[in-house]
Amino acid sequence: MTTLCFLWHMHQPFYKDLWSGEYKLPWTRLHALKDYAGMVEILSEFPSVHQTFNLVPSLLVQIEAFAQGRAHDRYLDVGLRPATDLTESDRAFMVENFFHANRSRLINVYPRYAELLAARGTAASPLEVQAAARRLTVEELRDLQVWQKLAWFDQYYLTAPGVAHDLVQKGRGFSEADKLALRAEELRLLQSVIPEYRAVAESGQAELSTSPFYHPILPLLCDTDIYARTHPDAPRPRRPFAHPEEAAEQIRRAVEYHTATFGRAPTGMWPSEGSVSDAVVRLAAEAGIRWLATDELVLARTLGLALHRDDRGVLQQPDTLYRPYRLGTAPHQVSCVFRDHALSDRIGFAYAGWPADAAHRRQVPRACEDIHEPRPAGDRRLLRAVYVRLRAPADRR
């Protein structure tokens with residue numbers, strides 16, 4: 001029997017400026033339209049497939065704030081402003097920032113969005129940006145306001161009957177009413193994200209784990225000098241920082257927020273950037289965490305060995321990596337699993353650039369067979385193909 005463990009790590013930095021209250025970048029909001037809910041919704045088609053989702057609290061509080069209309073960023077504000085009321089500064093901001101998306105997957109696939117990019121040209125300097133902004137008509141600016149958001153919607157909503165699908169079909173010549181309808185759909189999707197995860201956890205089909213609340217590097221909070229153990233020649237802070245109580249507070253807040261949000265305490269945790277130490281293991285155990293997950297490089301350093309792969313990428317020491325370990329000493333022990341670093345990189349980076357058919361046919365060696373990145377054009381077909389194959393063999397779970 002082969003047991004495969006998927007751990008999907010959902011994280012965005014905390015973009016809120018605590019002084020002004022403005023969110024400096026839109027990525028939490030936009031990824032919530034394209035990725036977060038869709039990863040859960042597709043599981044309803046495969047009830048025998050179980051997954052683990054690691055949800056960072058600082059991501060969730062941002063989604064909540066946007067879903068409740070309490071959060072705003074300049075991209076959102078400028079995108080909702082009536083096109084006839086856009087200032088010169090607004091227009092320049094749009095020209096400079098409303099094409100921050102993957103060109104091949106999120107711009108060129110939509111003729112009007114690609115056309116607007118061509119009209120913008122290669123403006124780079126402030127004077128070129130201002131000139132490009134003056135060239136765009138009110139209608140073009142309004143279309144850009146719509147496409148900057150619409151292109152980020154999950155492919156499911158762009159192809160299924162509904163507001164997003166209708167706007168894609170319309171393509172151009174959008175009205176202010178179209179913008180408001182898209183905003184209402186955006187809020188609906190944002191409001192669905194956390195309930196979707198809560199529902200799949202309650203059904204038993206997924207486990208939800210957590211991370212330290214604001215995603216700090218816990219070992220450095222405990223003691224900055226710990227870095228010198230593995231990097232003795234690295235420069236050190238002029239003033240050592242050793243506050244394990246701060247690390248404990250990050251874990252405590254994460255557990256408390258997770259429990260309040262999902263109705264049960266998390267038993268697992270992905271430490272920020274996979275960073276662990278003996279002190280962190282103890283703090284996690286004291287907070288009720290029963291398992292941690294980190295990277296194979298941590299395991300290799302701990303055991304003092306190298307993990308080798310052949311020219312096909314097949315790990316030569318599978319019994320070393322593909323098993324759980326116990327960390328710490330009683331009564332502060334936790335289990336720990338170590339991700340396949342090479343496979344994780346292929347999922348996160350390589351497969352994202354592959355054509356869908358090529359990614360579908362690709363077979364990853366050994367225990368992580370047929371895992372593909374679902375992000376090209378938001379296409380769920382790749383992830384669906386993975387789950388179809390996972391549920392088929394009787395000797396795999």
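Thresholds, definitions, all that
- Note on numbering: residues in each chain are counted from 1, in written sequence order.
- Per-residue local features are limited, in this predicted model, to residues with pLDDT of at least 70; the limit for side-chain atom pairs, both in listing and counting, is 80 or more; totals at the level of whole chains, interfaces and linings are taken over all residues.
- Here the side-chain values reflect all heavy atoms present in the structure, with hydrogen atoms and water set aside.
- The secondary structure listing takes helices from DSSP runs of H or I that are at least 4 residues long and strands from runs of E that are at least 2 residues long, numbered from the N terminus.
- Each residue's exposure class comes from its accessible area (1.4 Å probe, protein chains only) as a fraction of the maximum for that residue type: buried when under 20%, exposed when over 50%, partly exposed otherwise.
- What pLDDT conveys is the predictor's confidence in a given residue, as a value from 0 to 100.
- Whether two residues touch is decided by their heavy atoms; if any such pair falls within 4.5 Å, the residues are in contact.
- At least two bridges found by DSSP between two strands is the condition for calling them paired.
- A fitted line through C-alpha atoms serves as each axis, taken over the contacting stretch for helices, and the angle formed by two N-to-C directions is quoted from 0 to 180°.
- It is the directions from the helix axis to the C-beta atoms that the arc portrays.
- Just so you know how the angles are binned, under 35 degrees is roughly parallel, over 145 roughly antiparallel, 65 to 115 roughly perpendicular, and the rest oblique.
- Left-handed is the label given to a crossing in which the near helix is rotated counterclockwise from the far helix by less than a right angle, and right-handed is the label when the rotation is clockwise.
- Ten residues, namely Ala, Val, Leu, Ile, Met, Phe, Trp, Tyr, Cys and Pro, are considered nonpolar, four, namely Asp, Glu, Lys and Arg, are considered charged, and the remaining ones, Gly among them, are considered polar.
- By salt bridge we mean one thing: a side-chain nitrogen of Lys or Arg within 4 Å of a carboxyl oxygen of Asp or Glu.

**Points about unusual backbone geometry**
Step number 1: The peptide bond linking A330 to P331 adopts the cis configuration, its omega dihedral lying at 5°.
Step number 2: Relative to the assigned elements, P331 resides in the loop between β6 (325–329) and β7 (332–339).
Step number 3: One non-glycine residue, E273, lies in the positive phi region at around 55°.
Step number 4: Within the element layout of this structure, E273 appears in the loop between β4 (268–269) and α15 (278–286).
Step number 5: Owing to a relative accessible area of 59%, E273 belongs among the exposed residues under this scheme.

**Focus: the confidence of the model for the chain**
When pLDDT drops low, the exact placement of atoms in the prediction is not to be read closely.
Step number 1: Averaged over every residue, the pLDDT of the chain is 90; the share at 70 or more is 91%.
Step number 2: Within the model, the stretch residues 363–378 combines pLDDT values under 50 with 61 contacts to residues more than four positions away or in other chains.

**Observations regarding the sheet that holds β6**
Step number 1: Reading across the sheet, the 4 strands line up as β4-β5-β7-β6 and stay open at both edges, with mixed pairing between neighbours. Looking along the sheet, the strands with just one partner apiece sit at the ends: β4 and β6.
Step number 2: Sheet strands touched by α15: β4, β5 (291–295), β6 and β7. Its angle to β7, the strand with the most contacts, is close to 115°.
Step number 3: Helix-sheet contacts for helix α16 (residues 296–303) involve β5, β6 and β7, and the interaxial angle to β5 is about 90°.

**What about helix α7 (residues 126–135)?**
One full turn of an α-helix is made of 3.6 residues, so residues set three or four places apart face in the same direction.
Step number 1: Inspection of α7 places V129, A132 and A133 among the buried residues, and these make up the whole buried set. For α7, the arc enclosing every buried residue in end-on projection is 100°, short of the 170-degree limit, so these residues lie on one face. Turned more than 90 degrees off the buried face of α7, the exposed positions are L127 and R134.
Step number 2: Where α7 is buried, its residues contact α4 (88–97) and α6 (111–120).

**Structural notes on the packing of helix α2 (residues 57–67) against helix α14 (residues 244–262)**
Step number 1: Running from N to C, α2 and α14 point in directions that differ by 45°, and their axes come no closer than 10 Å. Classified by the interaxial angle, the pair formed by α2 and α14 is oblique. The two elements α2 and α14 cross, and the hand of that crossing is left-handed. Of the residues in α14, those in contact with P57, L60, V61 and E64 of α2 are A254, Y257 and F262.
Step number 2: Here the contact of α2 with α14 is built from residues that sort into 6 nonpolar, no polar and 1 charged.

**Concerning the pattern of salt bridges**
Step number 1: Scanning all chains against the criterion turns up 26 salt bridges.
Step number 2: Ionic pairing is found between D73 and R29, a salt bridge with its closest N-O pair at 3.1 Å. Placement of the pair is D73 in the loop between α2 and α3 (74–80) and R29 in helix α1 (residues 27–41), with a sequence separation of 44 residues. Grouping residues by exposure puts D73 and R29 together as buried.
Step number 3: One salt bridge connects E176 with K179, and the closest N-O pair in it is separated by 2.9 Å. Separated by 3 residues within a single helix, E176 and K179 lie in helix α11 (residues 176–202), roughly one turn from each other.
Step number 4: Owing to a relative accessible area of 26%, E176 belongs among the partly exposed residues under this scheme.
Step number 5: Residue classification places K179 among the buried positions, given a relative accessible area of 4%.

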